[in-house]
Amino acid sequence: MPRAGRSLELLVKALEQLLAGAPVEIRSPDYIKGRHSGTAREVDVSLRSRVGSISVLVIIECRDRTKPQDVTWIEQLASKREDVGADKAVAVSASGFSASARNLAKSKQIDLRSLEELEPHVVFDWLTDQTIDHRTRYINAVRISVHLGEPTTKIDPTTLTSILEKISALRISDEGINQDSKIFAHKTSFTLVSVDDILDLMPHFGARFDTMLSDVPPGEEKRILLTIDFEGDARFALPVDTGLVDVDSIQLDALFSYDENQVPIRRYLYQADSGTMMENAEATITSNECRVTVGFHMTPDGSTLGVTVDSAGKTLPRGMDLTFDLPSPS
């Protein structure tokens with residue numbers, strides 16, 4: 001199970017990676033043996049680099065609390081820095097610091113970072129959208145027809161036996177395969193995939209899907225007969241007792257539909273006492289028992305743009321697309 005505040009640690013790791021002006025090794029978490037304690041000290045984020053022939057270690061501790069952090073945490077961080085022999089220590093608080101904590105951090109030469117939440121109406125020059133549009137596509141198969149090529153391709157007998165045993169364990173009924181039945185083998189990796197997996201792996205399928213439903217409103221189903229033709233370049237095969245038989249095409253008789261939603265974008269600043277280090281925009285999408293947060297991060301001078309994805313729970317629905325606009329370079 002993730003620790004409380006783990007999302008903040010991963011975010012800080014990503015932001016520091018984007019801000020790094022030189023090659024740097026970043027770990028989160030890290031475990032460093034204390035010089036005085038003799039025990040492994042856990043560090044939320046560590047950065048290791050070299051300046052000439054000198055190795056440099058920076059440790060970062062993160063707190064995702066509702067109240068500003070006080071002197072106790074700063075004292076603990078100063079002690080940890082001394083024990084692990086770090087050249088620099090940084091404290092990151094999602095809720096800021098008390099005045100006494102700031103004074104102590106300055107005397108202990110500990111750098112402070114904070115996240116400043118911005119009002120919903122505030123936008124950045126590089127991202128003026130207030131929302132992110134996301135579309136989730138659904139395909140409910142009525143009938144699936146698979147057209148096979150010839151001849152059979154022989155593969156390593158041990159690999160083939162393993163594949164056939166996995167398929168046999170699925171206990172497919174006489175009525176035929178389902179769209180999520182993993183009965184096809186990827187010809188490169190020999191991993192088993194389903195029709196759903198194949199659709200996910202098809203380049204530009206999302207655009208093709210949207211074209212077919214251009215006249216259909218969200219939430220309404222349309223029955224379509226779709227043929228997936230690999231045009232002589234079969235990437236998937238059906239395992240049989242003698243080897244692999246290429247899948248030339250798949251015909252899918254299915255009900256197609258989609259949902260569209262707008263998700264608000266929250267904005268915040270990653271700040272040091274010297275000023276803003278990174279402008280950040282995030283949108284969190286939830287569906288059933290899953291959640292994904294997509295973040296966009298830009299340095300104030302516009303020189304660096306990064307994207308982060310933080311997910312939790314079950315896998316998101318297949319066929320999810322996100323749409324947002326960034327300005328064209330001047």
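For the structure itself, consult the block above.
Residues numbered from 1 in each chain as written. Predicted model: local features only at pLDDT ≥ 70, side-chain atom pairs only at ≥ 80, totals over all residues. Heavy atoms only, no water.

K.L.:
Outline the overall build of the chain, supporting the account with residue identities and numerical values.
P.N.:
Helices and strands together make up the secondary structure of the chain, namely six helices and 18 strands. Over its C-alpha atoms the chain spans a radius of gyration of 26 Å, topping by over 25% the 20 Å that the globule rule assigns to 330 residues. Across the 330 residues that make up the chain, the buried fraction comes to 41%. For the chain, the exposed area adds up to about 18,600 Å²; of that, 49% sits on carbon and sulfur atoms. Considering the chain, the positive charge centre built from 36 side chains and the negative charge centre built from 50 side chains are found 8 Å apart. (Helix = DSSP H or I, 4+ residues; strand = E, 2+ residues; numbered from the N terminus. Rg over C-alpha atoms; globule rule 2.2 N^0.38 Å. Buried < 20%, exposed > 50% of the residue type's maximum accessible area, 1.4 Å probe, protein only. Areas by Shrake-Rupley, 256 points an atom, 1.4 Å probe, with all protein chains shown as cover. Lys, Arg positive; Asp, Glu negative; His and termini not counted. Charge placed at Lys NZ, Arg CZ, Asp CG, Glu CD.)

K.L.:
Could you give an account of unusual backbone geometry, naming the residues involved and the relevant values?
P.N.:
Here serine 28 and proline 29 are connected by a cis peptide whose omega angle stands at -10 degrees. Within the secondary structure, proline 29 is located in the loop between strand S1 (25–27) and strand S2 (30–33). Put simply, glutamate 150 and proline 151 share a cis peptide bond, and its omega is 0 degrees. The phi dihedral of glutamine 109 falls on the positive side, at around 55 degrees, and the residue is not glycine. Position of glutamine 109 among the secondary structure elements: in the loop between helix H3 (99–107) and strand S7 (111–117). For glutamine 109, a relative accessible area of 58% corresponds to the exposed category. Located in the positive-phi region is histidine 204, a residue other than glycine, with phi close to 65 degrees. You can see histidine 204 is positioned in the loop between helix H5 (195–201) and helix H6 (205–212).

K.L.:
Tell me about the sheet that holds strand S14 (residues 266–272), and name the residues and values.
P.N.:
Strand order across the open sheet formed by nine strands is S1-S4-S5-S6-S7-S14-S15-S16-S17, with mixed pairing between neighbours. Taken across any chain shown, the strands that pair with only one partner, and hence form the sheet edges, are S1 and strand S17 (305–313). Across this sheet, the average inter-strand angle for adjacent strands is 20 degrees, counted without regard to direction. As judged from the six bridges shared by strand S5 (residues 54–63) and strand S6 (residues 88–93), these two strands associate in the parallel manner. From the neighbouring strand, cysteine 62 faces S6, where its bridge partner is valine 92. (Pairing = 2+ DSSP bridges. Axes fitted to C-alpha atoms, helices over the stretch in contact; angles between N-to-C directions.)

K.L.:
Go over helix H2 (residues 71–84) with me, naming the residues and quoting the values.
P.N.:
Helix length check: H2, at 14 residues, gives a terminal C-alpha distance of 20 Å against a target of 20 Å (1.5 Å per residue), a fit within 8%. Every buried residue of H2 is listed here: Trp73, Ile74, Leu77, Ala78, Lys80, Arg81, Asp83 and Val84. Each element contacted by the buried residues of H2 is listed here: S2, strand S3 (40–43), S5, S6, H3 and S7. The N-cap of H2, judged by a side-chain oxygen 3.1 Å from the amide nitrogen of threonine 72 a few residues on, is aspartate 70. Positive backbone phi, approximately 75 degrees, marks glycine 85, located one or two places after H2. (Expected span 1.5 Å × (residues − 1). Contact = heavy atoms within 4.5 Å. Polar contact = N/O pair within 3.5 Å; in protein donor to acceptor, adjacent residues only side chain to side chain.)

K.L.:
Which residues make up the packing of aromatic side chains, and what values do they have?
P.N.:
Counted under the stated rule, the structure contains five aromatic pairs. Both rings, one in phenylalanine 124 and one in tryptophan 126, keep their centres 5.3 Å apart while their planes meet at 15 degrees; by these two values the pair is stacked. Here a set of aromatic residues connected by ring pairs shows up, and it is made of Phe205, Phe209 and Phe256. If you follow arginine 135 out to its NZ or CZ, it ends over the ring of tyrosine 258, 4.0 Å from the centre. The positively charged end of arginine 267 is found above the aromatic ring belonging to phenylalanine 124, 5.6 Å away from the centroid. (Phe/Tyr/Trp six-rings, centres within 6.5 Å; stacked < 30°, edge-to-face > 60°. Lys NZ or Arg CZ within 6 Å of the ring centre and 35° of its normal.)

K.L.:
Any chance you could break down the packing of H2 against H3 for me, citing the residues and the numbers?
P.N.:
Where H2 meets H3, the axes come as close as 8 Å, and the angle between the chain directions of the two elements is 20 degrees. By the angle between their axes, H2 is roughly parallel relative to H3. Of the two possible hands of crossing, H2 and H3 adopt the one that is right-handed. Between H2, through Val71, Ile74 and Glu75, and H3, the contact on the second element is made entirely by Ser100, Ala101, Leu104 and Ala105. Residues that form the contact of H2 with H3 fall into these classes: five nonpolar, one polar and one charged. (Parallel < 35°, antiparallel > 145°, perpendicular 65-115°, else oblique. Left-handed = near helix turned anticlockwise from the far one by under 90°. Nonpolar A, V, L, I, M, F, W, Y, C, P; charged D, E, K, R; others polar.)

K.L.:
Can you lay out the nonpolar core for me, pointing to particular residues and giving the numbers?
P.N.:
One finds Ile139, Leu199, Leu213, Leu252 and Phe256 to be the most contacted residues of the largest nonpolar core, which totals 33 residues. The greatest single-element share of this core, amounting to seven residues, is contributed by strand S13 (residues 243–264). (Core = buried A, V, L, I, M, F, W, Y, C linked by side-chain atoms within 4.5 Å.)

K.L.:
Give me the lowdown on the pairing of S13, citing residues and values where you can.
P.N.:
Note: strand S8 (residues 131–153) against S13, 19 bridges, orientation antiparallel. Note that in S13 the partner of arginine 135 across the bridge is glutamate 260. Strand direction decides the pairing type here: strand S11 (residues 222–229) and S13, joined by eight bridges, are antiparallel. Each bridged residue has a counterpart across the sheet, and for leucine 226 the counterpart in S13 is leucine 252. Direction of pairing for strand S12 (residues 236–240) relative to S13: antiparallel, over a ladder of four bridges. What sits directly across from leucine 238, in S13, is valine 245.

K.L.:
If you had to explain the side chain of serine 257 to someone new, which residues and values would you point to?
P.N.:
When you line up the elements, serine 257 lands in strand S13. Classification of serine 257 as buried rests on a relative accessible area of 10%.

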